[in-house]
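Overview (structure and organization)
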Amino acid sequence: MGLHGVKAVFFDLDNTLIDTAAAGRRAIEERPDAAPRPLQVISALQSKHHCGEGEARAICDKVQAKLLRECHDPAKMCITDLRISHWEEAIQETIGGEANRDLAAECYYLWKTTRLQHLTLAEDTRAMLAELRKGLRLLLLTNGDRQTQREKIEACACQPYFDAIVVGGEQKEEKPAPSIFHYCCDLLGVQPAECVMVGDSLDTDIQGGLNAGLKATVWLNKAMTAPVDTSPVPHYIISSVLDLPAVLQKMEHNINAKLETDHMASSNE
């Protein structure tokens, strides 16, 4: 692999290589493993701050919604202050009264600590990356705030599996801008037409790969549900990141078959 076709694979991080969404949910429901062992967020709100269970869950639901809508400008506010504000607003919207920054900060740090402990790179994913890296250059390409993404990368210990790691928050533009993909190509010394992008987001990973002129885009669609919109259209769709090697083998087979056909056609002229 890599002689005629693919030389590098770019991987998204969140909900592609690691299940960030599930870790966030568990951070609300479970206790962290580290000592001292603080309560889970919902229990802490109930036992220490006298919220009802319904109120505590409503606060957490509102924070999750705010995270999904989050627009962060690091020039205006650090990510920590912004996310404490999410909790502060959610608490005030749910139970009223004066803003409680201390309680918001306690909830945020408890959620963050527990979420990081649940961010793991599965053993079968590690094995796949190690095998792929024998014949390909691998690069991790993730959007997001520099501090937040670097903490996740450290937590799941994925650095040894990649030739380079690029965080959108450290660049002038993030996915889907072509510039960040071309920067990645330059880092690895490859051309866009020699690279594959793998990710779970049609808007950033797939659209970005198409914008940058990569050889192929592979959409990780765990639910295998049809997208609401018809665009962008990925070259390949997989339900598990572990299906990627089969896709790459198929691509290599198709490339070799085309080369053989072209060679036979030229010989017959």
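Residues numbered from 1 in each chain as written. Predicted model: local features only at pLDDT ≥ 70, side-chain atom pairs only at ≥ 80, totals over all residues. Heavy atoms only, no water.

Within an unreviewed UniProt entry, the label attached to the protein chain reads NANP phosphatase, and the organism entered is Acrocephalus arundinaceus. Among the UniProt annotations of the protein chain, the heading Cofactor (unreviewed entry) holds the following wording: "Mg(2+)". (UniProt positions renumbered as here; feature names shortened; annotations may be inferred.)

**What to know about the packing of helix H1 (residues 20-29) against helix H3 (residues 53-69)**
At their nearest, the axes of H1 and H3 sit 11 Å apart, and the two run at 155 degrees to each other. The angle between H1 and H3 falls in the class roughly antiparallel. Considering how the two elements wind past one another, H1 and H3 form a crossing that is right-handed. Residues Gly24, Arg25, Ile28 and Glu29 of H1 form the contact with H3, whose participating residues are Arg57, Cys60 and Gln64. Of the residues contributing to the contact of H1 with H3, the split by class is two nonpolar, two polar and three charged. (Axes fitted to C-alpha atoms, helices over the stretch in contact; angles between N-to-C directions. Helix = DSSP H or I, 4+ residues; strand = E, 2+ residues; numbered from the N terminus. Parallel < 35°, antiparallel > 145°, perpendicular 65-115°, else oblique. Left-handed = near helix turned anticlockwise from the far one by under 90°. Contact = heavy atoms within 4.5 Å. Nonpolar A, V, L, I, M, F, W, Y, C, P; charged D, E, K, R; others polar.)

**Considerations on the packing of aromatic side chains**
Considering all chains together, one arrives at three aromatic pairs under this definition. Taking the centre distance of 6.2 Å and the plane angle of 70 degrees together, the rings of Phe11 and Phe162 count as edge-to-face. Here Phe11, found in strand E1 (residues 8-11), pairs with Phe162, found in the loop between helix H7 (146-156) and strand E3 (164-167); they are 151 residues apart in sequence, far enough to count as distant. The buried category is assigned to Phe11, whose relative accessible area is 0%. Linked through ring pairs, Tyr108, Tyr109 and Trp111 together constitute an aromatic cluster. (Phe/Tyr/Trp six-rings, centres within 6.5 Å; stacked < 30°, edge-to-face > 60°. Buried < 20%, exposed > 50% of the residue type's maximum accessible area, 1.4 Å probe, protein only.)

**Regarding the sheet that holds strand E4 (residues 195-199)**
The sheet built from six strands is open, its strands ordered E3-E2-E1-E4-E5-E6 with parallel pairing. Bordering the open sheet on either side are E3 and strand E6 (236-238), each of which pairs with just one other strand. Here the average twist between neighbouring strands, direction ignored, is 20 degrees. Examined bridge by bridge, strand E2 (residues 137-142) and E3 share four bridges and lie parallel to one another. Each residue of the ladder has a partner; that of Thr142, found in E3, is Val167. With respect to the sheet, helix H8 (residues 178-188) is in contact with E1, E2, E3 and E4, its orientation differing from that of E2 by roughly 150 degrees. Here helix H9 (residues 202-211) sits on the sheet in contact with E4 and strand E5 (216-220), set at roughly 170 degrees to E5. (Pairing = 2+ DSSP bridges.)

**A look at the environment of Arg83**
Inspection of the secondary structure puts Arg83 in helix H4 (residues 79-95). Assessed through its relative accessible area of 12%, Arg83 is described here as buried. Linking Arg83 and Tyr109, residues 26 residues apart in sequence, is a C-alpha distance of 9.6 Å. What Arg83 contacts, discounting residues up to four positions off in sequence, is Leu67, Glu70, Tyr108, Trp111, Arg115 and Thr148.

**Some thoughts on H9**
When H9 is considered as a whole, its buried residues turn out to be Leu202, Asp205, Ile206, Gly208 and Gly209. Where H9 is buried, its residues touch H8, E4 and E5. Two to three positions downstream of the cap, the backbone nitrogen of Asp203 sits 3.3 Å from a side-chain oxygen, assigning the N-cap of H9 to Ser201. In the stretch just after H9, Gly213 is the one whose phi turns positive, near 75 degrees. (Polar contact = N/O pair within 3.5 Å; in protein donor to acceptor, adjacent residues only side chain to side chain.)

**Some points on the side chain of Glu194**
Following the sequence through the fold, Glu194 ends up in the loop between H8 and E4. With near-sequence residues (within four places) excluded, Glu194 lies in contact with Gly5, Val6, Lys7, Ala8 and Lys215.

**Details of the packing of H1 against helix H5 (residues 101-118)**
At a closest axis distance of 8 Å, the pairing of H1 and H5 adopts a crossing angle of 135 degrees. The angle between the axes of H1 and H5 places the two elements in the oblique class. The chirality of how H1 crosses H5 is right-handed. Residue-level inspection shows Thr20, Ala23, Gly24, Arg26, Ala27 and Ile28 of H1 in contact with H5, the latter providing Trp111, Thr114, Arg115 and His118. Class assignment for the residues of the contact of H1 with H5 results in four nonpolar, four polar and two charged.

**Focus: the side chain of Lys112**
Within the element layout of this structure, Lys112 appears in helix H5. Using a relative accessible area of 15% as the deciding quantity, one classes Lys112 as buried. Excluding residues that lie within four positions of it along the chain, Lys112 makes contacts with Gln147 and Glu151.

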